[in-house]
Number of protein chains: 2
Amino acid sequence: MTDDIVASVVRQWQAVNPGLDTGPMELIGRINRCAALLQQAEDAPLRAAGLNRAEFDLLGAMRRTDRELTPGELARETFSSGAAVTKRLRALQESGLIGRRSDARDRRVAHVGLTEAGRDLVDRLLPEQLAYERSVLSGLDEETRSGLSGQLGELLVQLEGRLGGGRR
Amino acid sequence: MTDDIVASVVRQWQAVNPGLDTGPMELIGRINRCAALLQQAEDAPLRAAGLNRAEFDLLGAMRRTDRELTPGELARETFSSGAAVTKRLRALQESGLIGRRSDARDRRVAHVGLTEAGRDLVDRLLPEQLAYERSVLSGLDEETRSGLSGQLGELLVQLEGRLGGGRR
DNA sequence: AACAGGTGTTACACATGTAAAAGATTCTCC
DNA sequence: GGAGAATCTTTTACATGTGTAACACCTGTT
């Protein structure tokens with residue numbers, strides 16, 4: 001059984017500062033490091049389609065809600081700033097993946113929706129992406145995977161409550 | 001028991017695309033979302049000291065290895081690019097937290113080390129930071145925390161092997 | 001009619017990574 | 001032994017993506 005990076009960092013701290021309670025570091029450090037490694041790896045099929053993860057998240061939000069969304073809703077849905085959404089929407093529109101329509105009643109708001117090409121792209125890409133992710137996670141047995149999912153869900157509920165990551 | 005965000009996203013996908021195997025999404029999505037929420041929150045004590053997480057990681061690497069490091073070693077240690085390290089080192093040097101010394105034998109390399117002020121800052125900040133992180137995680141019972149740490153360690157070993165996150 | 005508030009976009013600052021550059025060392029082959 | 005090539009370490013230049021804050025525009029209210 002070999003050590004992971006966080007374990008060896010923790011050992012270094014213990015050597016230099018014995019008695020330090022490194023518990024939080026072991027959990028948070030591992031979450032951050034896993035996220036960094038996954039993000040570096042997981043975008044391979046997306047990149048092949050000329051998208052990055054943030055753009056795909058936008059397309060995915062439109063596909064899974066199955067209706068037109070406003071830029072503001074998309075920002076909340078993807079946890080990013082309005083400005084970032086504006087910029088990404090422009091790129092996606094230039095690629096012909098989304099279209100926009102302005103609201104008849106309230107001319108401040110815009111409604112953004114997938115074009116047929118955008119919808120087809122998501123439907124083609126998502127299974128590829130999931131298959132790729134499955135292969136990245138294949139080193140873990142099913143029990144560990146579902147255990148992790150469940151416990152991370154628990155943590156996520158706590159964090160959402162505590163840190164106001166609220167939705168809507 | 002309430003749902004987390006990922007669970008509700010998965011439910012949306014299932015409604016629109018029944019039979020999709022969303023397993024990888026449930027795990028990776030939660031890891032990413034936890035990391036995002038934690039990073040947003042976890043830097044509070046650091047910010048009070050005028051540092052960001054990346055700069056603190058640099059200082060921490062020097063403190064825990066307890067010796068002078070070269071910029072290249074620091075880049076590998078903190079998993080960031082050499083250019084980013086150069087820029088951060090300049091800022092930290094201007095703050096008087098680190099000092100540099102050029103190698104006697106090989107004039108290409110520089111040796112960077114903590115000043116007394118830098119060392120004191122880390123020793124003061126790290127316990128604060130860990131206490132803060134402990135409070136952020138306090139919603140989880142000890143069993144869940146250690147379970148998560150262990151399983152994430154397992155995942156991390158897999159990812160490091162698979163994705164070449166090798167060290168040294 | 002003025003105003004308070006909401007929505008989307010633009011301007012700017014900032015952090016990061018990739019790639020090129022600059023400086024220094026080591027190797028190779030004559 | 002030495003000149004040039006290859007390599008290594010760090011820094012600089014540039015492109016990119018993001019968030020904050022200011023802005024323009026619109027609505028509904030008083």
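Above this text you will find the structure in question.
Predicted model, so just to flag it, every value in this text is computed and none were measured. (Residues numbered from 1 in each chain as written. Chains lettered and ligands numbered in written order. Predicted model: local features only at pLDDT ≥ 70, side-chain atom pairs only at ≥ 80, totals over all residues. Heavy atoms only, no water.)

(A) Highlighting the protein's contact with DNA strand C. In the neighbourhood of DNA strand C, 21 residues make up the surrounding shell, with Gly72(A), Arg100(A), Arg108(A), Ser81(B) and Lys87(B) lying closest. Looking at DNA strand C alone, sugar and phosphate atoms form 65% of those within 4 Å of the protein. Contact between DNA strand C and Arg100(A): a phosphate oxygen at 2.7 Å from a side-chain N or O atom of the residue. Secondary-structure elements contributing two or more residues to the surface near DNA strand C are helix 5 (71-78) and helix 6 (82-94) of chain A together with helix 6 (82-94) of chain B. Within the surface near DNA strand C, the residues separate by chemical class into seven nonpolar, five polar and nine charged. (Near = heavy atom within 4 Å. Polar contact = N/O pair within 3.5 Å; in protein donor to acceptor, adjacent residues only side chain to side chain. Helix = DSSP H or I, 4+ residues; strand = E, 2+ residues; numbered from the N terminus. Nonpolar A, V, L, I, M, F, W, Y, C, P; charged D, E, K, R; others polar.)

(B) View of the side chain of Thr144(B). Relative to the assigned elements, Thr144(B) resides in helix 8 (residues 142-163). Exposure remark for Thr144(B): the relative accessible area of 7% places this residue in the buried category. (Buried < 20%, exposed > 50% of the residue type's maximum accessible area, 1.4 Å probe, protein only.)

(C) Region of interest: the pattern of salt bridges. All told, the structure shown has 26 salt bridges over all chains when counted by the stated rule. With a closest N to O distance of 3.0 Å, Arg134(A) and Asp21(B) form a salt bridge. Remark: Asp21(B) occurs in the loop between helix 1 (5-16) and helix 2 (23-42) and Arg134(A) occurs in helix 7 (residues 116-136); the pair is interchain, linking two chains. A relative accessible area of 33% means that Arg134(A) is categorised as partly exposed. Put simply, Glu142(B) and Arg145(B) hold a salt bridge, and the shortest N to O gap is 3.2 Å. Linking Glu142(B) with Arg145(B), this pair stays in helix 8, spanning three residues, or about one helical turn. Accessibility expressed as a relative area gives 22% for Arg145(B), which makes it partly exposed. Taken together, the shared-partner salt bridges connect Arg53(A), Asp57(A) and Glu133(A) into one network. (Salt bridge = Lys/Arg side-chain N within 4 Å of Asp/Glu carboxyl O.)

(D) Structural detail: the relation of the copies chain A and chain B. Structural alignment of chain A on chain B gives an RMSD of 0.0 Å, achieved by rotating through 180° and translating 0.0 Å along the axis. The superposition operator between the copies reduces to a two-fold rotation axis. With an isologous cut-off of 70% or more, the 100% of interface residues of chain A that recur at the interface of chain B puts this contact in the isologous class. (Least-squares fit on C-alpha atoms with pLDDT ≥ 70 in both. Contact = heavy atoms within 4.5 Å.)

(E) Spotlight on the protein's contact with DNA strand D. Neighbouring DNA strand D are 22 residues; Ser81(A), Lys87(A), Gly72(B), Arg100(B) and Arg108(B) lie closest to it. Each atom of DNA strand D within 4 Å of the protein was assigned to sugar, phosphate or base; sugar and phosphate come to 70%. Take Arg90(B): an N or O atom from its side chain is 3.2 Å from a phosphate oxygen of DNA strand D. The contact in question runs from a base oxygen of DNA strand D to an N or O atom on the side chain of Arg108(B), over 2.7 Å. Only helix 6 of chain A together with helix 5 (71-78) and helix 6 of chain B provide two or more residues apiece to the surface near DNA strand D. Counted by class, the surface near DNA strand D contains seven nonpolar, six polar and nine charged residues.

(F) Broad picture of the environment of Arg107(A). Mapping Arg107(A) onto the fold places it in the loop between strand 1 (98-102) and strand 2 (110-114). Linking Arg107(A) and Leu27(A), residues 80 residues apart in sequence, is a C-alpha distance of 47 Å.

(G) Quick look at unusual backbone geometry. Despite not being glycine, Asp66(A) shows a phi value in the positive range, around 60°. Its location among the elements puts Asp66(A) in the loop between helix 4 (53-65) and helix 5. With a phi angle near 55°, Phe79(B) is a residue other than glycine that sits in the positive phi range. With respect to the element layout, Phe79(B) can be found in the loop between helix 5 and helix 6.

(H) Structural context of the environment of Leu137(A). As for its position among the elements, Leu137(A) is in the loop between helix 7 and helix 8 (142-163). Looking at Leu137(A), the relative accessible area reads 3%, which means it is buried. In this structure, the C-alpha to C-alpha distance between Leu137(A) and Leu38(A), residues 99 residues apart in sequence, is 9.6 Å. Discounting residues that sit within four places of it in the chain, Leu137(A) has contacts with Arg145(A), Pro24(B), Leu27(B), Ile28(B) and Leu155(B).

(I) View of the packing of helix 2 of chain B against helix 7 (residues 116-136) of chain B. Residues and elements named next belong to chain B. Packing of helix 2 against helix 7 brings their axes to within 11 Å, and their N-to-C directions diverge by 135°. Relative to helix 7, the element helix 2 is oriented oblique. Relative to helix 7, the crossing made by helix 2 is right-handed. Counted together, Leu38, Ala41 and Glu42 of helix 2 and Gln129, Tyr132, Glu133 and Val136 of helix 7 form the full contact between these two elements. Here the residues of the contact of helix 2 with helix 7 are counted per class, giving four nonpolar, one polar and two charged. (Axes fitted to C-alpha atoms, helices over the stretch in contact; angles between N-to-C directions. Parallel < 35°, antiparallel > 145°, perpendicular 65-115°, else oblique. Left-handed = near helix turned anticlockwise from the far one by under 90°.)

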